[in-house]
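# Structure assessment
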Amino acid sequence: MKATKTSDKSTKAAEKYDGFTDEERGAMKDRAAELKSATRRGAKADEEPAVLAKIAEMPGADRALAERIHALVKANAPELAPRLWYGMPAYTRDGKVLCFFQNSAKFRSRYATLGFNDVANLDDGTMWPTAYALTELTAADEARIGALLRKAVS
């Protein structure tokens, strides 16, 4: 009997799992909606209002971090254009995402993330970080992020 219950549980789990979590499917739906919206608006549309609206929807601690990251990007890399990317605030140069903020609630992780894509000029030898876990931002953290942003766009 116990073997049957165990196999019933694993069968149910296997039936439910389809390769993507609910959060991943949500991010893909966000991205599809972003592409559709960009096509309607045109490539040169100002997306900052959509980014600020997405930040405003975030839970308190994530929202505070996202607001600070947004302000740091504007102050240290004003040439970057804000836009949504998979439902997350992102900042682009020449249409390519250079960095993004992933709130902790997005994929139910224990910390928010500031990530940089390969177009960011952060190369340092043969190995360097491309994502940073954020739980809060101190003045020293903000200074470090500012320096990273300036290097990323140089």
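Look a little higher up for the structure.
Note that the structure is predicted; figures quoted are calculated from it, not measured.

### Some words on helix α3 (residues 48–57)
- Among all positions of α3, only E48, V51 and I55 are buried. Take α3 and look down its axis: the buried residues cluster within an arc of 60 degrees, on one side only. Residues of α3 that are exposed and point more than 90 degrees away from the buried face comprise P49 and E57.
- Each element contacted by the buried residues of α3 is listed here: α4 (60–76), β1 (81–85) and β2 (88–93).

### Let's talk about the packing of α4 against helix α5 (residues 139–153)
- It is the contact of α4 with α5, at a shortest axis distance of 9 Å, that shows an interaxial angle of 50 degrees. With respect to each other, α4 and α5 are oriented oblique. Note on packing geometry: the crossing formed by α4 with α5 is right-handed. Taking contact as the criterion, the partners of R68, I69, L72, V73 and N76 in α4 are, on α5, E142, I145, G146, L149 and R150.
- Class assignment of the residues belonging to the contact of α4 with α5 gives a composition of five nonpolar, two polar and three charged.

### Some remarks on the packing of α3 against α4
- Where α3 contacts α4, the two axes come as close as 9 Å, and the packing angle between them is 150 degrees. Relative to α4, the element α3 is oriented roughly antiparallel. Contacts between α3 and α4 pair E48, V51, L52, I55 and A56 from the former with R63, A66, E67, H70 and K74 from the latter.
- Residue composition of the contact of α3 with α4, by class: five nonpolar, one polar and four charged.

Parameters and conventions
Residues numbered from 1 in each chain as written. Predicted model: local features only at pLDDT ≥ 70, side-chain atom pairs only at ≥ 80, totals over all residues. Heavy atoms only, no water. Buried < 20%, exposed > 50% of the residue type's maximum accessible area, 1.4 Å probe, protein only. Helix = DSSP H or I, 4+ residues; strand = E, 2+ residues; numbered from the N terminus. Arc of directions from axis to C-beta. Contact = heavy atoms within 4.5 Å. Axes fitted to C-alpha atoms, helices over the stretch in contact; angles between N-to-C directions. Parallel < 35°, antiparallel > 145°, perpendicular 65-115°, else oblique. Left-handed = near helix turned anticlockwise from the far one by under 90°. Nonpolar A, V, L, I, M, F, W, Y, C, P; charged D, E, K, R; others polar.

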